[in-house]
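Fold and geometry: a report
Each chain, letter by letter, is given below.
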Amino acid sequence: PRFMNAKTVPDLNNAPHADRNLFDLDIEGATPLLPFLPGRVDANGKGAPFVTVTFGRGCPFKCSFCNVGEQLSSSSVRLISPEYFMDELEEIRARYGAIGSLMIHDDILLYPKWLESWNIELRRRFGYTPYWCQMRSDFICKKPDLIKLMAECGMAWVSVGIESGSKRLLDFMSKGTTVEQNLECNDILVRNGVNMFCNWMLGIPTETPEDVKATADMITKMRPGFHSASIYCDYPGTSLSRFITESGLRLPHHYTKSHYPWQWAIKGVDYDLALGTRSRVTSQFPNKPVRPKHWDVPRD
């Protein structure tokens, strides 16, 4: 059958590797999405593709605007082992002869005890391999030496959910990070020549002009390599969505699951201010990624 219901797999290490025959390599393998993530595939399906690899499923964090764990069929976090991950990379190399770059999805920071050995092993087997992953600012602040090692082995981009420059809103959204950590994590990444794919948003329920200014000031200081600037999207099932319902803040004409700026969703939000600030910051400090510090290291 073309599709099947695989249900929940408690141990992802017992699941097969992703079937790369289902991917259109003309698109994925040659389209790395961001600068400094090389990828190419020839007409015969050979080359050094940009490939995506999934680390796991689930999330242990309880951000009120997301709450991914509450919306999955299984709220438990299920992660692959280092051996499974390296075996999948070897399978990809056996098929294509080389790997151009990687995008690593989901929860890489939940393996701090083996991230060092994994990166060393990646470098030993594949040479300097550019990759893009996601982390939290508090984790980066706690592990600066590990961040340095990861940069030396290939980490070229990190997606970080900065979200807001307002302490009040970070606490309101149960983000679990601080403004000071956001700024410090940016300094650590800059020092190690790693680009930040910076997720930040405006239009958050209860947002004030002071909150908007605090976020704009923080992003202006950081000047990330890539702006992922959104207007808050009301996702049903999240604790923040329940707050909006209970507080009577949802506009009657709102469009669910949309962060398009023309979709005004929440009462009390100054969308003109939010949109104008987002436009001003992203135009004044446009995306300007830098060449990774260790890019010139010879690849084995």
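In what follows, the accompanying structure is described.

Topic: the packing of helix 2 (residues 82–96) against helix 3 (residues 112–126)
In the contact formed by helix 2 and helix 3, the axes pass within 11 Å of each other and the chain directions differ by 20°. Here helix 3 runs roughly parallel to helix 2, going by the angle between their axes. Judged by the sense of rotation from one axis to the other, the crossing of helix 2 with helix 3 is right-handed. The residues of helix 3 that touch helix 2, namely those facing P82, F85, M86, L89, E90 and R93, are W114, W118, E121, L122, R125 and F126.

As for the nonpolar core
Ranked by internal contacts, the top residues of the largest apolar core, which has 74 residues, are L89, W118 and M135. Leave out the neighbours within four places in its chain, and W118 touches F85, M86, I104, I108 and Y131. One finds L34, F50, W132 and A156 within the second-largest nonpolar core, a separate group that totals eight residues.

Here we look at the sheet that holds strand 8 (residues 155–163)
One open sheet accounts for six strands, arranged 3-6-7-8-9-10; its pairing is parallel. At either end of the open sheet lies a strand with only one pairing partner, and these are strand 3 (50–54) and strand 10 (226–231). Put simply, the sheet's adjacent strands are angled 20° from each other on average, direction ignored. Bridge analysis of strand 7 (residues 131–135) against strand 8 gives five bridges, and the strand direction is parallel.

Quick word on the pattern of salt bridges
Enumeration according to the criterion identifies 12 salt bridges in this entry. For D211, the salt bridge is made with R168, and the minimal N-O distance between the two is 2.6 Å. Of this pair, D211 sits in helix 8 (residues 209–222) while R168 is found in helix 6 (residues 167–172), placing the two residues 43 residues apart along the sequence. Linking K213 and D217 is a salt bridge whose minimum nitrogen-to-oxygen distance equals 2.7 Å. You can see K213 and its partner D217 sitting in helix 8, four residues apart, about one turn around the helix. Here the residues in one salt-bridge network are E90, R93, E121, R124 and R125, joined through shared partners.

Digging into unusual backbone geometry
Although it is not a glycine, E163 adopts a positive phi angle of roughly 70°. With respect to the helices, strands and loops of the structure, E163 is situated in strand 8. Located in the positive-phi region is R223, a residue other than glycine, with phi close to 50°. Structurally, the position occupied by R223 is in the loop between helix 8 and strand 10. What makes R223 exposed here is its relative accessible area of 52%.

Describing the environment of S283
Here S283 is to be found in helix 10 (residues 271–284). S283 gets classed as exposed once you look at its relative accessible area, which sits at 53%. In terms of polar contacts, S283 uses its side chain to reach the backbone carbonyl oxygen of S279, at 2.7 Å. Reaching out from S283, the side chain makes a polar contact with the backbone oxygen of R280 at a distance of 3.1 Å.

Notes on helix 5 (residues 144–153)
Of the residues making up helix 5, those classed as buried are L146, I147, L149, M150, A151 and C153. Summarising the contacts, the buried residues of helix 5 are in contact with helix 3, strand 7, helix 4 (137–142), strand 8 and helix 7 (179–191). Looking one or two places after helix 5, you find G154, whose phi comes out positive at around 145°.

Some remarks on the pairing of strand 7
On any regular strand, side chains alternate: one points to one face of the sheet, the next to the other face. With four of five residues buried, strand 7 lies mostly within the body of the structure. Looking at chain direction, strand 6 (residues 101–105) and strand 7 are connected through two bridges and run parallel. When the sheet's bridge partners are listed, M103 is paired in strand 7 with W132.

Procedures and definitions
Residues numbered from 1 in each chain as written. Predicted model: local features only at pLDDT ≥ 70, side-chain atom pairs only at ≥ 80, totals over all residues. Heavy atoms only, no water. Axes fitted to C-alpha atoms, helices over the stretch in contact; angles between N-to-C directions. Helix = DSSP H or I, 4+ residues; strand = E, 2+ residues; numbered from the N terminus. Parallel < 35°, antiparallel > 145°, perpendicular 65-115°, else oblique. Left-handed = near helix turned anticlockwise from the far one by under 90°. Contact = heavy atoms within 4.5 Å. Core = buried A, V, L, I, M, F, W, Y, C linked by side-chain atoms within 4.5 Å. Buried < 20%, exposed > 50% of the residue type's maximum accessible area, 1.4 Å probe, protein only. Pairing = 2+ DSSP bridges. Salt bridge = Lys/Arg side-chain N within 4 Å of Asp/Glu carboxyl O. Polar contact = N/O pair within 3.5 Å; in protein donor to acceptor, adjacent residues only side chain to side chain.

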